[in-house]
Amino acid sequence: MNSNLKNNLDNLTPHDHKYTVRFWKPISSGFPIIIGFGFSAWLLVKDNGTIVEKGFILAFVLYFGGLLVYILNRYLACYNQIIEISWADDTFYFGDNIQINMYKKADVQQVLICQPGGVKKVHFFYAYVITFKDGSTIKFSNMLISEAEIINSFPDDLIRYGSKSPFWML
């Protein structure tokens, strides 16, 4: 383990929560897509219909398969990310298995939550963009931490909902 990471982990307060990406998170968030892909693939194999019917079912297989590839790609891009955050503490840590950095909540200018449609609804995929006062940003998805944890960890006046699609944010 990197000594910088180990030192930061040793300095955590008891109220800090460490979040990492687990494989079950993309599986559970993509469960409707997995069902759609599986059902479409099964229909493609079992159906003895015309070429038009097969083509229609193949379009669904490709659509759901593309979404599954995207979710897997997002998982592989962030599987080693770590965020350690406390509701009460004024610092948080973000990084990967190699290097984790300390950030101050007082330096945060905005926490942008991007979700499909840009409105606060129930969706399975969110992207978070934390912008600091110096212009730097960190980006991660809800495969790492839930929306509720982000909302509880930062002051309400910093939270914004964005209209950009989260699929292209990361």
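The coordinates are above.
Starting from 1, residues in each chain are numbered consecutively following that chain's sequence as written. Local features are withheld for residues below a pLDDT of 70 in this predicted model, meaning they are given only at 70 or higher, and side-chain atom pairs are given and counted only at 80 or more; totals for whole chains, interfaces and linings count all residues. Each side-chain value is derived from all of the structure's non-hydrogen atoms; neither hydrogens nor water enter the calculation.

### Remarks on a nonpolar patch on the surface
Consideration 1: A cluster of nonpolar side chains, F23, I27, F31, I34, I35, L72, L76 and Y79, forms an exposed patch at the surface whose accessible area comes to about 760 Å².
Consideration 2: Segments assigned H or I by DSSP are reported as helices when at least four residues long, segments assigned E as strands when at least two residues long, and all are numbered from the N terminus. Contributions of two or more residues to the nonpolar patch are made by α3 (31–46) and α4 (51–78).
Consideration 3: Tallying contributions element by element places α3 first for the nonpolar patch, with 3 residues.
Consideration 4: Positionally, I27 belongs in helix α2 (residues 24–29). Patches in this entry comprise residues that are over 30% relatively accessible and not in a salt bridge; like charges within 9 Å are linked, as are nonpolar side chains (Val, Leu, Ile, Met, Phe, Trp, Tyr) within 5 Å. Surface exposure here means Shrake-Rupley accessible area, sampled with a 1.4 Å probe, where a residue is shielded only by the protein chains that are shown. Between Lys or Arg on one side and Asp or Glu on the other, a salt bridge is scored when a side-chain nitrogen of the former is within 4 Å of a carboxyl oxygen of the latter.

### Section: the sheet that holds strand β4 (residues 100–104)
Consideration 1: For two strands to count as paired, DSSP must find a minimum of two bridges between them. Reading across the sheet, the 4 strands line up as β1-β2-β3-β4 and stay open at both edges, with antiparallel pairing between neighbours. Either end of the sheet is taken by a strand with one partner, and the two such strands are β1 (17–20) and β4. Across the sheet, the mean angle from the axis of one strand to that of its neighbour is 20°, orientation sign disregarded.
Consideration 2: In the sheet, β1 pairs with strand β2 (residues 81–85) via 4 bridges, with the strands oriented antiparallel. Residue pairing for β2: K18 is matched across the bridge by E84. Axis definition: a line fitted to C-alpha atoms, over the contacting stretch in the case of helices. Angles run 0 to 180 degrees between N-to-C directions.

### Quick look at α3
Consideration 1: Taking 1.5 Å per residue as the helical rise, α3 with its 16 residues ought to reach 22 Å, and the 22 Å between its terminal C-alpha atoms agrees with that figure.
Consideration 2: Taken together, the buried positions of α3 are I33, G36 and S40. Angular distribution of buried residues about the axis of α3 spans 65°; they occupy a single face of the element. Of the residues in α3, the exposed ones pointing more than 90 degrees away from the buried face are V45 and K46.
Consideration 3: Contacts are residue-level and defined by heavy atoms, with any inter-residue pair within 4.5 Å sufficient. Looking at the buried side of α3, the elements it contacts are α4. Residue count minus one, scaled by 1.5 Å, sets the expected span of a helix. Whether a residue is buried, partly exposed or exposed follows from its accessible area with a 1.4 Å probe, protein chains only, as a fraction of its type maximum: under 20%, in between, or over 50%, in that order. Directions drawn from the helix axis to the C-beta atoms are what define this arc.

### So, the packing of aromatic side chains
Consideration 1: The pairing test for Phe, Tyr and Trp rings, Trp by its six-membered ring, is centres within 6.5 Å, and the orientation test on the planes gives stacked under 30 degrees, edge-to-face over 60, and tilted for anything in between. As enumerated under the stated definition, the model contains 11 aromatic pairs in all.
Consideration 2: Taken together, a centroid distance of 6.4 Å and an interplanar angle of 15° make the contact between F92 and F132 stacked. Of this pair, F92 sits in strand β3 (residues 91–96) while F132 sits in strand β6 (residues 127–132); the two residues are 40 residues apart in sequence, bridging distant segments of the chain.
Consideration 3: The exposure class assigned to F92 is buried, which follows from its relative accessible area of 0%.
Consideration 4: Above the face of the F154 ring, K105 is positioned so that its terminal group lies 5.7 Å from the ring centre. Should the NZ of a Lys or the CZ of an Arg lie within 6 Å of a ring centre and within 35 degrees of the ring normal, that charge is described as sitting over the ring.

### A few points about the pairing of β4
Consideration 1: As judged from the 5 bridges shared by β3 and β4, these two strands associate in the antiparallel manner. Residue pairing in the sheet places F92 in a bridge with Y103 of β4.

### Let's talk about the nonpolar core
Consideration 1: F92, I130, F140, I150 and F154 are the most contacted members of the largest nonpolar core, which totals 30 residues.
Consideration 2: If you list the elements that add at least two residues to this core, you get α4, β2, β3, β5 (108–114), β6 and β7 (137–141).
Consideration 3: With 5 residues, α4 is the single largest residue contributor to this core.
Consideration 4: Discounting chain neighbours no more than four positions away, the residues touching I130 are F92, V108, Q110, V111, S136, T137, I138, F140 and F154. As used in this record, nonpolar core signifies buried Ala, Val, Leu, Ile, Met, Phe, Trp, Tyr and Cys residues forming a set joined through side-chain atoms within 4.5 Å.

### Section: the environment of A41
Consideration 1: Structurally, A41 is set in helix α3.
Consideration 2: In the structure, A41 is positioned 24 residues away from G65 in sequence and 9.4 Å away in space, judged by C-alpha atoms.

### Thoughts on α4
Consideration 1: If you check α4, its first and last C-alpha atoms are 40 Å apart, about what 28 residues at 1.5 Å a residue would give, namely 40 Å.
Consideration 2: Along α4, the residues that are buried comprise I57, V61, F64, G65, Y70, I71, R74, Y75 and C78.

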